[in-house]
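Okay, here's what each chain looks like letter by letter:
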Amino acid sequence: MTDAFCLLVVAKAPVPGFAKTRLCPPATPRQAAEIAAAALLDTLDAVAATPGALPVVAVTGDFAMAARSAELAHALWPMTVIRQRGNGFAERLANAHRDAAAPGLPVLQIGMDTPQVTPDLLGKAAELLTSQQDAVLGPAEDGGWWALGLGDPSAAKVLADVPMSRDDTGARTLRALTAIGLSTTELTELSDVDTMADAVRVAGLCGGRFPEAVAAVRS
């Protein structure tokens, strides 16, 4: 199948003491890193199984020091991996959209905090984006967003002026897209994983490695 869109995953190396520190306690730094690694691996599985997707992963951190490093290396091997660049998360997101863009392809970007994503969910988001929409935005329950799709990846420059990790980040992102004239369709709302309560709730919604990693903390 010909690539119809770029599916961009923004990922942080699941290194103990570096990733998912808000899960500690009750998780240890190693357990938090295992949960982060499981979330990323399950996300990459969904990305790899999404028809028409050109997978690109924008990374930060040392994956050689990560939990499940060998498994992650195997999952990342067939995908294009680029380094995140810029000062602050918003700028890194904007740059990742621009760096990942392939000529003529829209970009659908997700993170590694929603391991419950499925190829069907991602495919439907891409279908909206590639049909007639300028942009799609997947709201998160905490007020942020879990997915952003742009028909013109250069429009991601508006993210540089949007405060991230706030309870109004999603609303501010939508306003920023509207302000530059983009028609934006909202996707299904999902819960991302910031706290252990989030992790337990999301684990109940998905299969794969993630529920096992969460259960290891609770056992």
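One structure accompanies this document, and this report is about it. Bear in mind the structure is a predicted one, so any value in this text is a computation, not a measurement.

## Regarding the nonpolar core
Membership of the largest hydrophobic core comes to 39 residues, with the highest contact counts inside it found for L40, L44, V57, F63, L108, L122 and W146. The element contributing the most residues to this core is helix 1 (residues 29–48), with eight residues. In this structure L44 touches V9, V57, A75, L76 and M79, once residues within four positions along its chain are discounted. Core analysis: the second largest hydrophobic core is formed by 26 residues, A96, A135, L148 and A156 among them.

## Some details on the sheet that holds strand 2 (residues 53–60)
Taken in spatial order, the seven strands line up as 3-2-1-4-6-5-7 in an open sheet, and their pairing is mixed. Every interior strand has two partners, whereas the edge strands, strand 3 (80–83) and strand 7 (184–186), have only one. The average angle at which neighbouring strand axes cross in this sheet is 20 degrees, direction not considered. Here strand 1 (residues 5–12) runs beside strand 2; their pairing, made up of eight bridges, is parallel. Directly across from V9, in strand 2, lies its bridge partner V57. Packed onto the sheet, helix 1 meets strand 1, strand 2 and strand 4 (107–110) and runs at close to 175 degrees relative to strand 1. Against the sheet, helix 3 (residues 89–100) contacts strand 1, strand 2, strand 3, strand 4 and strand 6 (145–150), and its axis sits at roughly 145 degrees relative to strand 1.

## Quick word on the pattern of salt bridges
This model, assessed by the stated rule, comprises twelve salt bridges. Notably, a salt bridge pairs E34 with R68, separated by 3.0 Å at the nearest N-O pair. Of the two residues, E34 sits in helix 1 while R68 sits in the loop between strand 2 and helix 2 (69–76), which places them 34 residues apart along the sequence. Three or more residues are tied together by salt bridges with common partners; here these are D42, D45, E71 and R209.

Quick notes on the rules
Residues numbered from 1 in each chain as written. Predicted model: local features only at pLDDT ≥ 70, side-chain atom pairs only at ≥ 80, totals over all residues. Heavy atoms only, no water. Core = buried A, V, L, I, M, F, W, Y, C linked by side-chain atoms within 4.5 Å. Buried < 20%, exposed > 50% of the residue type's maximum accessible area, 1.4 Å probe, protein only. Helix = DSSP H or I, 4+ residues; strand = E, 2+ residues; numbered from the N terminus. Contact = heavy atoms within 4.5 Å. Pairing = 2+ DSSP bridges. Axes fitted to C-alpha atoms, helices over the stretch in contact; angles between N-to-C directions. Salt bridge = Lys/Arg side-chain N within 4 Å of Asp/Glu carboxyl O.

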